[in-house]
Amino acid sequence: MKDNLELYLDRLSSLAKRSSTLSVDKKKVTERYYFIQKQDDKYLNLVADHNFNIDKKKSSKLSKLKRFNRVSLLYVSIDGFKRLTNHPLAENLIDKLDELKLLFDDIAKKYSIVKIKTIGDSIVFGGGMLEENRTNPIDVILAAFEMQQAAIDVNGGENGSSFWDVSIGIHTGPVLAEPTNRRSTPFRLAGSSIDLTCRLGMACNPGEIHISSMTYELIKEFFECKYSGKMPVKYKGAIEMYTVVGLLPQLQDANKTNELNRKFLTKYSLIQFIDIQEYILDMLEQELPNNLYYHNVKHTIDVVTAVELIGWAEGLNEEEILILKFAAIFHDTGHTLGYDQHEYHGTIIARKLLAKYHYPEDIIDKICELIMATEYPPEPKNKLEEVICDSDLDYLGRSDFIPVSEKLYDELKVRDMIGSYNDWIKRQLSFIKGHQYFTETARNLRQVNKHKQIERLEKLLTNNKS
């Protein structure tokens, strides 16, 4: 018993030290991030003043400028011209070069990356500009992998080898962009980010992908990278560089190198969820009826928070948590179309939007099943349905039960779905007495408070009678 206790205490001590170290590291990274951001802001303002000549005559031009807080720029350089001189197949190789550039355009379109500018046989692309998102650093590196593979596939060298070498540099940061109204290159950029990206690409060997430390911090949980040294950059000091080796072993298919597996897609989707959540919450803010006093944005956020808390406590895995969070964020979206059958309408909205993001059909089906599981009365058939049902009625055991309950009463009253307030209290008493949380976590967290709610409701009923 004593040995177990000492072992337990040693483990606690080790965890405490690890937590302290991580806190210090996090603080250093945060301080460095804010320092870099301040420097970027300062330099971007200087560039805007200088390059765009902001004055009264060009105030209309200034109004068109758009600031993107997180854009991942990709510089790709094609080399091989030194070997082209006096080559017997020079004309054929130029055709291969044109074919390679067209493939680059197709890859960029696949990952929603826009072409910014072409400098000879070097091209700069930008991710996170057509649609601002948090996944663009990952998207751009996946695009870079495919561009490298395209250069191999479009061969032309001896014995079926590639002739054209490709070097790639990637940097993530804020940029100022001016719309050009051209389909091929819709934005014109100014600032240090584009110069830094080009220098990263020029500094690496053919066939390599160099990234800045800013990009590295955002993608290191997905890709294997090796430190490549520092590069001096004006106004920024020495910038650390990394070479992307490939996908982390646990995130790729065991039989195919750099082939994304289900675990990768789950981790990626957990980041993408934040963007989709923002979109859904904005939609609810704008489109929900004003007299939805209970089924409003706050309730949706409460359920998303609860499914994650209960889900992790119940030992669910990342994919199951992701499915629950999506079901929670969509479960009341159907109220934008109507009060009745809002769960069904929510599944229609979920299917349409998630298909746009290319989610697997089996994942979408599970999400829709969970949305339908929130129909009253709750009758969950599995663990995930238990979690979302408990989360949807989490307020029954919270300290704010009475005010939340009154909002639900107001919502039903304005629709002539309930009688007097006393009738409502009686209905709530009957419901809460018969209600039982399904998960052990919810029972431990909320069951005790539920008994207090019964006492509060009975007191309210007595007071109203008198």
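For the structure itself, consult the block above.
In every chain, residue numbers begin from 1 and rise along the written sequence. Where local features are concerned, this predicted model is filtered to residues with pLDDT of at least 70; where side-chain atom pairs are given and counted, the filter is 80 or more; whole-chain, interface and lining totals use all residues. In computing side-chain properties, one takes all heavy atoms of the structure into account and sets aside hydrogens as well as water.

Let's talk about the overall build of the protein
Where helices and strands are cited, they refer to DSSP runs of H or I of at least four residues and of E of at least two residues respectively, numbered from the N terminus. Within the protein, the regular secondary structure consists of 15 helices and eight strands. For the protein, long-range pairs separated by at least 24 residues make up 68% of all intrachain contacts whose partners lie at least 6 apart in sequence. Note on areas: Shrake-Rupley with a 1.4 Å probe; residue coverage comes only from the protein chains shown. Surface exposure of the protein reaches about 25300 Å², of which carbon and sulfur atoms provide 51%. The contact criterion used throughout is that any non-hydrogen atoms of two residues lie within 4.5 Å.

Details of helix α13 (residues 401–413)
Because each turn of an α-helix spans 3.6 residues, side chains separated by three or four positions in sequence point in the same direction. One less than the number of residues in a helix, times 1.5 Å, gives the span that helix is expected to have. The end-to-end C-alpha distance of α13 is 18 Å, a good match for the 18 Å that 13 residues give at a rise of 1.5 Å each. Among all positions of α13, only F401, I402, V404, S405, L408, Y409, E411 and L412 are buried. Think of it in three bands: residues with accessible area under 20% of the maximum for their type are buried, residues over 50% are exposed, and the middle band is partly exposed, with areas taken using a 1.4 Å probe on protein chains only.

Brief notes about the side chain of T266
Turning to its location among the elements, T266 is positioned in helix α7 (residues 262–287). What makes T266 buried here is its relative accessible area of 7%.

Re the pattern of salt bridges
The working definition used for a salt bridge is a side-chain nitrogen of Lys or Arg within 4 Å of a carboxyl oxygen of Asp or Glu. Here the structure, examined in full by the defined rule, presents 22 salt bridges. The partner of K115 in a salt bridge is D105, with the nearest N and O atoms 3.1 Å apart. Taken as a pair, K115 in strand β2 (residues 113–119) and D105 in helix α3 (residues 90–110) lie far apart in primary sequence, ten residues in all. On the basis of relative accessible area, K115 is assigned to the partly exposed category, the value being 21%. Overall, the relative accessible area of 28% leaves D105 in the partly exposed class. Through salt bridges with shared partners, a single network forms among K298, D302, D394, R398, D400 and R446.

Quick look at the packing of aromatic side chains
The way to describe two aromatic rings as a pair is by their centre distance and the angle between their planes. Aromatic rings from Phe, Tyr and Trp, taking only the six-membered ring of Trp, are treated as a pair when their centres fall within 6.5 Å; an angle between ring planes under 30 degrees marks them as stacked, one over 60 as edge-to-face, and anything in between as tilted. Tallying each qualifying case throughout the model produces 15 aromatic pairs. Here the aromatic rings of F326 and Y359 are separated by 5.3 Å at their centres, their planes lie at 75°, and the arrangement is edge-to-face. Here F326 is found in helix α9 (residues 318–330), whereas its partner Y359 is found in the loop between α10 (342–356) and α11 (361–373), with 33 residues between them in sequence. Relative accessible area serves as the criterion here: at 0%, F326 is assigned to the buried category. Between Y409 and Y421, the aromatic rings sit 5.3 Å apart at their centres with planes inclined by 70°, giving edge-to-face as the arrangement.

Comments concerning the nonpolar core
Nine residue types can take part in a nonpolar core, namely buried Ala, Val, Leu, Ile, Met, Phe, Trp, Tyr and Cys, and a core is a set of them joined through side-chain atoms within 4.5 Å. One finds F326 and F330 to be the most contacted residues of the largest nonpolar core, which totals 60 residues. The leading source of residues in this core is α9, at nine residues. Contact partners of F326, with chain neighbours within four places excluded, come to F273, I276, L354, Y359 and I367. L84, I113, M147 and I219 belong to the second largest nonpolar core, which has 44 residues in total.

So, the environment of A203
Inspection of the secondary structure assignment puts A203 in the loop between α5 (192–202) and β6 (209–212). Considering only alpha carbons, one finds A203 and G169, 34 residues apart in sequence, at a separation of 8.3 Å. With residues near it in sequence (within four places) discarded, A203 still touches H210, M231 and M241.

Some words on the side chain of T441
Among the secondary structure elements, T441 is positioned in helix α15 (residues 440–465). For T441, a relative accessible area of 12% translates into the label buried. Beyond its immediate chain neighbours, meaning those up to four positions away, T441 contacts I310, A313 and E314.

Comments concerning a negative patch on the surface
Negative charge collects at one region of the surface, where E91, D95, D98 and E99 lie side by side. By the secondary structure assignment, E91 is in helix α3. Nonpolar side chains (Val, Leu, Ile, Met, Phe, Trp, Tyr) within 5 Å and like charges within 9 Å form the patches, drawn only from residues with over 30% relative accessible area and no salt bridge. Charged-residue counts in this description rest on Lys and Arg as positive and Asp and Glu as negative, His and the chain ends being excluded. A charge is said to be at NZ when it belongs to Lys, at CZ for Arg, at CG for Asp and at CD for Glu.

Some details on unusual backbone geometry
Here the amide bond leading from Y376 into P377 is cis, since omega sits at 0°, within 30 degrees of zero. Residue placement: P377 occurs in the loop between α11 and α12 (383–392). Located in the positive-phi region is N181, a residue other than glycine, with phi close to 65°. As for its position among the elements, N181 is in the loop between β4 (165–179) and β5 (187–190). Even without being glycine, Q341 reaches a positive phi, approximately 55°. In this structure, Q341 sits in the loop between α9 and α10.

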